[in-house]
Amino acid sequence: MSGRFERAVFLDRDGTIIEEVGYLDRPERVEFFPWTIDAIRVLNRAGLAVVLVSNQSGIARGFFTEAVVDKVHQKMAEMLAAGGARIDAYYYCPHHPEGSVPELAKVCECRKPARGLVDRAVTEFGVDPARSFVVGDRWLDIGLARTVGAKGLLVRTGYGEREEGKPPNGMKADAIVDNLIAASSWILKNV
Ligand SMILES: [Mg+2]
Ligand SMILES: [Zn+2]
């Protein structure tokens, strides 16, 4: 599946691509926003790598297994394919310092806003983070953008509307937009 891309759009999952439902523990609970497939197809056609980057601490907490997360992503891939869209890679962090699964209960390099998941895309696709974008509904997604030198877009879906009013330590997004399709439009104007 891998190819070479100059730029990537790193997309948070919960609250950004799909509805925020708390800990998502069954593929049946996956619900795209009405604009999700269009928004991702537009990015595909613009020649950007589309990379999902998600903190899934529910694995470290013992709420569900990696196999469940993989099934969720499989379901998403099928739904996207039916609409002519594609996520090029599904990366997630299964860790959390306070987890209950011993081998996953640790400080890691891949839990956003740490840069580990972005670095995987650099290795796999050759993308340049400084010419890439991060889209998410939490300030930690914008924090990831700051960490890797990408542009950071906060969406108002999911936790975004609540997050908008309380940026940590004067953090600023490059754009705050209503949703993922608005983020895609902004990105196309700024590549
Ligand atoms: Mg989120
Ligand atoms: Zn991790």
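Check the entry above for the structure.
All residue numbers refer to position in the chain's written sequence, counted from 1. Here chains are named by letter from A upward and ligands by number from 1 upward, in the order in which they appear as written. Residue-level local features of this predicted model are given only where pLDDT is at least 70; pairs of side-chain atoms are given and counted only at 80 or more, and the full residue set underlies all totals for whole chains, interfaces and linings. Where side-chain values are given, they derive from all heavy atoms of the structure, hydrogens and water being excluded.

**Observations concerning the overall build of the protein chain**
Counting its secondary structure elements, the protein chain contains seven helices and six strands. When the backbone C-alpha atoms are referred to their principal axes, the protein chain occupies close to 45 × 40 × 35 Å. Burial classification: accessible surface area is computed with a 1.4 Å probe over protein chains only, and a residue below 20% of its type maximum counts as buried, one above 50% as exposed, and the rest as partly exposed. Counting only residues that meet the buried cut, the protein chain has 49% of its 191 residues in that class. In this analysis, two residues are considered to be in contact whenever any of their non-hydrogen atoms come within 4.5 Å of each other. If you take every contact in the protein chain between residues at least 6 apart in sequence, the share linking residues at least 24 apart comes to 67%. Calculation of accessible area relied on Shrake-Rupley with a 1.4 Å probe; when residues are assessed, cover is drawn exclusively from the protein chains displayed. On the protein chain, roughly 8,700 Å² of surface is accessible, and the fraction owed to carbon and sulfur atoms is 49%. Helix and strand assignments follow DSSP, with helices taken as H or I runs no shorter than four residues and strands as E runs no shorter than two, numbered in order from the N terminus.

**Quick notes on the sheet that holds strand E2 (residues 49–55)**
Only strands that DSSP links by at least two bridges are regarded as paired with each other. Sheet architecture is open: six strands sit in the order E3-E2-E1-E4-E5-E6, paired in parallel fashion. The open sheet terminates on both sides in strands that have one partner only, identified here as strand E3 (89–93) and strand E6 (175–177). Between one strand axis and the next, the sheet turns by 20° as a mean value, whatever way the strands run. Looking at chain direction, strand E1 (residues 8–11) and E2 are connected through four bridges and run parallel. Looking at E2, one finds that leucine 11 is bridged to leucine 52. Here the axes come from fitting lines to C-alpha atoms, over the contacting stretch only for helices, and the angles between their N-to-C directions go from 0 to 180 degrees.

**Some points on the nonpolar core**
The term nonpolar core refers to a set of buried residues drawn from Ala, Val, Leu, Ile, Met, Phe, Trp, Tyr and Cys, joined through side-chain atoms within 4.5 Å. One finds Ile17, Ile40, Met76 and Val135 to be the most contacted residues of the largest nonpolar core, which totals 27 residues. For this core, the elements supplying multiple residues, two or more each, are E1, helix H1 (36–45), E2, helix H3 (66–82), strand E4 (133–136), strand E5 (151–155), E6 and helix H7 (180–190). In contact with valine 135, other than residues within four places in its own chain, are Val9, Phe10, Leu11, Asp12, Thr16, Leu153, Val155, Leu180, Ala183 and Ile187. Ranked by size, the runner-up nonpolar core spans 21 residues in total, among them Val51, Ala121, Val127 and Val148.

**What to know about the coordination of the zinc ion (ligand 2)**
Within the protein, the zinc ion (ligand 2) binds to Cys93 (SG), His95 (ND1), Cys108 (SG) and Cys110 (SG); these donor distances fall in the range 2.0 to 2.3 Å. The donor set covers N, O and S atoms within 2.8 Å of the metal, switching to 3.2 Å for Na, K and Ca, and it leaves out water, so a site may look short of donors. Working rule for geometry: tetrahedral if four donors all subtend angles between 85 and 135 degrees; square planar for four, octahedral for six, if opposite donors exceed 155 degrees and the others stay between 65 and 115; irregular in every other situation. In this structure, the zinc ion (ligand 2) is surrounded by four donor atoms whose angles at the metal cover 102 to 118°, and the resulting shape is tetrahedral. Within one chain, the residues serving as donors to the zinc ion (ligand 2) are arranged as C-x1-H-x12-C-x1-C. Of the two residues, cysteine 93 is situated in strand E3 and cysteine 108 in the loop between E3 and helix H4 (116–125); the sequence distance between them amounts to 15 residues.

**Focus on the coordination of the magnesium ion (ligand 1)**
Ligation of the magnesium ion (ligand 1) by protein atoms is provided by Asp12 (OD), Asp14 (O) and Asp137 (OD), these donors lying 2.1 to 2.2 Å from the ion. Donor residues for the magnesium ion (ligand 1), ordered by position in the chain, follow D-x1-D-x122-D. Taken as a pair, aspartate 12 in the loop between E1 and H1 and aspartate 137 in the loop between E4 and helix H5 (139–148) lie far apart in primary sequence, 125 residues in all. Taking the relative accessible area as the measure of exposure, aspartate 137 reaches 1% and is therefore buried.

**Describing the pattern of salt bridges**
Oppositely charged side chains are able to pair whenever their charged atoms sit close together. Salt-bridge detection follows one rule: a side-chain nitrogen of Lys or Arg within 4 Å of a carboxyl oxygen of Asp or Glu. This structure, assessed with the given rule, holds 14 salt bridges. For arginine 115, the salt bridge is made with aspartate 119, and the minimal N-O distance between the two is 3.1 Å. Among the charged side chains, a network of salt bridges with common partners joins Asp25, Arg26, Glu28 and Arg29.

**A closer look at H4**
For H4, the complete set of buried residues consists of Gly116, Leu117, Val118, Ala121 and Phe125. Those residues of H4 that are buried are in contact with E1, E2, E3 and H5. Two residues or fewer after H4 comes glycine 126, characterised by a positive phi angle close to 75°.

**Examining the environment of glycine 15**
Mapping glycine 15 onto the fold places it in the loop between E1 and H1. By relative accessible area, glycine 15 is classed as buried at 0%. A C-alpha to C-alpha distance of 17 Å links glycine 15 and leucine 80, two positions 65 residues apart in sequence. Not counting chain neighbours up to four residues away, the residues in contact with glycine 15 comprise Glu20, Phe33, Asp137, Val155, Thr157 and Gly158.

**Thoughts on the packing of aromatic side chains**
The description of two aromatic rings rests on the distance between their centres and on the angle between their planes. Only Phe, Tyr and Trp rings are paired, with Trp represented by its six-membered ring, and only when their centres lie within 6.5 Å; those with planes under 30 degrees apart are stacked, over 60 edge-to-face, the remainder tilted. The full count for this structure, using the stated rule, is four aromatic pairs. Here the aromatic rings of tyrosine 23 and phenylalanine 63 are separated by 4.8 Å at their centres, their planes lie at 75°, and the arrangement is edge-to-face. Taken together, the residues span a long stretch of sequence, with tyrosine 23 in the loop between E1 and H1 and phenylalanine 63 in the loop between helix H2 (57–60) and H3 at a distance of 40 residues. For phenylalanine 63, a relative accessible area of 47% translates into the label partly exposed. Summarising the aromatic geometry, the rings of phenylalanine 33 and tryptophan 35 are spaced 5.3 Å apart at their centres and angled 5° between planes, so their arrangement reads as stacked. Working rule: Lys NZ or Arg CZ, within 6 Å of ring centre, within 35 degrees of ring normal, means a charge sits over the ring. It is arginine 138 that lies over the ring of tyrosine 159; its NZ or CZ is 4.6 Å from the centre.

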